[in-house]
Amino acid sequence: MGLTGLVKELVLLPFAPVRGSFWVMEQIVDEAERQYYDPGVIRAELGRLEEQLEAGEIDADTFDRLEDELLDRLQYATERTNQQ
């Protein structure tokens, strides 16, 4: 690290807690997205949704709307996985 790198680090030192906070927030968002778009989780939610319909806890319109949302999320998750 040269003199300019050292000076830069010294100048930015007071902002280290802020940079650390941003890093933590990024990690939390990444993990939340990983869980939200996990195909296994989505399939489990689809299964629970079907159980709710069969038990009469939700009506067919609600089932259709929620199923469409989950299937869209599953499709996006699959595309996202294929891109990585």
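What you see is a predicted model; the values in this text were computed from it and never measured.

We now examine the side chain of Arg 73. Position of Arg 73 relative to the elements: it lies in helix H4 (residues 60–83). Polar side-chain contacts of Arg 73 include one of 2.9 Å to the backbone oxygen of Tyr 36.

Let us look at helix H3 (residues 39–54). Its 16 residues place the ends of H3 23 Å apart at the C-alpha level, agreeing with the 22 Å of an ideal helix rising 1.5 Å per residue. Within the sequence span of H3, burial applies to Ile 42, Leu 46 and Leu 49. The buried residues of H3 all sit within an arc of 60 degrees when viewed along its axis, so they share a single face. Opposite the buried face of H3, by more than 90 degrees, sit the exposed residues Glu 51 and Glu 54. By the N-cap criterion, in which a side-chain oxygen at the helix start approaches the backbone nitrogen of a residue two or three places on, H3 is capped by Asp 38, the distance to Gly 40 being 2.8 Å. Downstream of H3 by one or two residues, Gly 56 has phi in the positive range, about 80 degrees.

Cut-offs used in this document
Residues numbered from 1 in each chain as written. Predicted model: local features only at pLDDT ≥ 70, side-chain atom pairs only at ≥ 80, totals over all residues. Heavy atoms only, no water. Helix = DSSP H or I, 4+ residues; strand = E, 2+ residues; numbered from the N terminus. Polar contact = N/O pair within 3.5 Å; in protein donor to acceptor, adjacent residues only side chain to side chain. Expected span 1.5 Å × (residues − 1). Buried < 20%, exposed > 50% of the residue type's maximum accessible area, 1.4 Å probe, protein only. Arc of directions from axis to C-beta.

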